[in-house]
Amino acid sequence: LSIAERLELFLKVCKGVSHAHRRHVHHGDLKPTNILVTSAGVPKLLDFGIVAPPDMPHTDISALGGVLEILLGGGSSNGERRPLRAGLETIALRALATSGDRRYDSVEELAEDVRRHLESLTSRPRPESARPASPTAGARRRSGAIIAWTLVAAVVVALGLKVVPRMTARRT
């Protein structure tokens, strides 16, 4: 799946968790093995916990941050982390935050940031500097540099041929 398709799938998971939270039901053990994706691409949440401590929504949000990392290749089930793309890294780290004003207050807030990031991937053209150069563009730049340095070398040699004999004549 592409990054955009994985983010769409993650948003469906967030929608399911958010639906449960609105009904005061918290999962408590969100992880990739507790998310089944049907052949139609519909995620199903498995193994809901029955305990609901006061901080349970934040536990689910933090777990969703871990799922996001694993889904995008930034994390693994054994706890290793690899950096994600800048915007996604920020979203995942904020979801993983355990306390303070850095963490998300709701699954909807997390989903909104993911949705914004997804929209920026699909609707915004890449800046000119981020577009891959054509193969001939690099060759043109290289050949232009070679020509420029050849001209500089020719000027230096020509000056050397003129100046060195004059300096030698003055010394004798």
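Structure: see above.
Residues numbered from 1 in each chain as written. Predicted model: local features only at pLDDT ≥ 70, side-chain atom pairs only at ≥ 80, totals over all residues. Heavy atoms only, no water.

Undergrad: Outline the side chain of Glu 89, supporting the account with residue identities and numerical values.
TA: Structurally, the position occupied by Glu 89 is in helix 3 (residues 86-96). Accessibility expressed as a relative area gives 16% for Glu 89, which makes it buried. Here Glu 89 is in contact with Arg 81, Arg 82, Pro 83 and Leu 84, once residues within four sequence places are set aside. (Helix = DSSP H or I, 4+ residues; strand = E, 2+ residues; numbered from the N terminus. Buried < 20%, exposed > 50% of the residue type's maximum accessible area, 1.4 Å probe, protein only. Contact = heavy atoms within 4.5 Å.)

Undergrad: Could you give an account of helix 2 (residues 56-71), with specific residues and numbers?
TA: Helix length check: helix 2, at 16 residues, gives a terminal C-alpha distance of 22 Å against a target of 22 Å (1.5 Å per residue), a fit within 8%. Listing the buried residues of helix 2 in full gives Met 56, His 58, Asp 60, Ile 61, Ser 62, Ala 63, Leu 64, Gly 65, Val 67, Leu 68 and Glu 69. Within two residues after helix 2, Gly 73 carries a phi angle of roughly 85 degrees, on the positive side. (Expected span 1.5 Å × (residues − 1).)

Undergrad: Go over the side chain of Ser 18, please, and point to the residues and values.
TA: Along the chain, Ser 18 turns up in helix 1 (residues 3-22). Residue classification places Ser 18 among the buried positions, given a relative accessible area of 5%. Not counting chain neighbours up to four residues away, the residues in contact with Ser 18 comprise Val 107 and Glu 108.

Undergrad: How would you explain helix 1 if you had to name every residue and give the values?
TA: Compared with an ideal rise of 1.5 Å per residue, which puts 20 residues at 28 Å, helix 1 spans 28 Å between its outermost C-alpha atoms and is within 8% of the ideal. The set of residues buried in helix 1 consists of Ile 3, Leu 7, Leu 9, Phe 10, Leu 11, Val 13, Cys 14, Val 17, Ser 18, Ala 20 and His 21. Once helix 1 ends, the next one or two residues include His 24, with phi positive near 60 degrees.

Without other data, these values stay purely geometric and don't point to any function.
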